[in-house]
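Geometric and topological summary
Okay, here's what each chain looks like letter by letter:
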Amino acid sequence: MKASELRQLTVQELHQKLRELRESLFNLKIQHSAGQLQNTAQLKKTRRDIARVLTVLREKQRETEVA
């Protein structure tokens, strides 16, 4: 997911996306610990997507503080 796509979402949608990504990361970690995860790069991708969502949320928060 690209940051430009995330910037088009509302704050509520970003929070929902964050919940989904965190749940996905949890499931990936469980699969990895059980030895069932085929694509381990998915862990890194999901962590970075979470960081992107948090960054965009922070940007939106700062915009409302300034305005």
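Below is a summary of the structure that appears in this document. Keep in mind that what you see is a predicted model, and the values were worked out from it rather than measured.

A word on the side chain of aspartate 49. With respect to the secondary-structure elements, aspartate 49 resides in helix 3 (residues 41–66). With sequence-adjacent residues up to four places away left out, aspartate 49 is seen in contact with Met1 and Leu21.

What follows concerns helix 2 (residues 11–33). End to end, helix 2 covers 33 Å across 23 residues, agreeing with the expected 33 Å (1.5 Å per residue, within 8%). Where helix 2 is concerned, the buried positions are Leu14, Leu18, Leu21, Leu25 and Leu28. The first or second residue beyond helix 2 is glycine 35, which carries a positive phi of 75°.

Once that is clear, we can look at the packing of helix 2 against helix 3. Here helix 2 crosses helix 3 at 160°, and the two axes come no closer than 9 Å. By the criterion of interaxial angle, the relationship of helix 2 to helix 3 is roughly antiparallel. Two packed elements cross with a definite hand, and for helix 2 against helix 3 that hand is left-handed. The residues of helix 3 that touch helix 2, namely those facing Val11, Leu14, His15, Lys17, Leu18, Leu21, Arg22, Ser24, Leu25, Leu28, Lys29 and His32, are Gln42, Leu43, Thr46, Arg47, Asp49, Ile50, Val53, Leu54, Val56, Leu57 and Lys60. Class assignment for the residues of the contact of helix 2 with helix 3 results in 12 nonpolar, 5 polar and 6 charged.

Before going further, it helps to spend a moment on the side chain of lysine 60. By the element assignment, lysine 60 lies in helix 3. Within the buried core, lysine 60 has no salt-bridge partner, and the shortest N-O distance to an opposite charge, that of glutamate 63, equals 5.5 Å. Of note is the side chain of lysine 60, whose polar atom sits 3.2 Å from the backbone oxygen of leucine 9. When sequence neighbours within four positions are dropped, the list of residues in contact with lysine 60 reads Leu6, Arg7, Leu9, Val11 and Leu14.

Attention now moves to the pattern of salt bridges. In the structure shown here, the tally under the stated rule is 3 salt bridges. Put simply, arginine 7 and glutamate 59 hold a salt bridge, and the shortest N to O gap is 3.0 Å. Pair noted here: arginine 7 is in helix 1 (residues 3–7) and glutamate 59 is in helix 3, with a separation of 52 residues, a long-range link. Members of the salt-bridge network, linked through shared partners, are Lys45, Asp49 and Arg52.

How each quantity is defined
Residues numbered from 1 in each chain as written. Predicted model: local features only at pLDDT ≥ 70, side-chain atom pairs only at ≥ 80, totals over all residues. Heavy atoms only, no water. Helix = DSSP H or I, 4+ residues; strand = E, 2+ residues; numbered from the N terminus. Contact = heavy atoms within 4.5 Å. Expected span 1.5 Å × (residues − 1). Buried < 20%, exposed > 50% of the residue type's maximum accessible area, 1.4 Å probe, protein only. Axes fitted to C-alpha atoms, helices over the stretch in contact; angles between N-to-C directions. Parallel < 35°, antiparallel > 145°, perpendicular 65-115°, else oblique. Left-handed = near helix turned anticlockwise from the far one by under 90°. Nonpolar A, V, L, I, M, F, W, Y, C, P; charged D, E, K, R; others polar. Lys, Arg positive; Asp, Glu negative; His and termini not counted. Salt bridge = Lys/Arg side-chain N within 4 Å of Asp/Glu carboxyl O. Polar contact = N/O pair within 3.5 Å; in protein donor to acceptor, adjacent residues only side chain to side chain.

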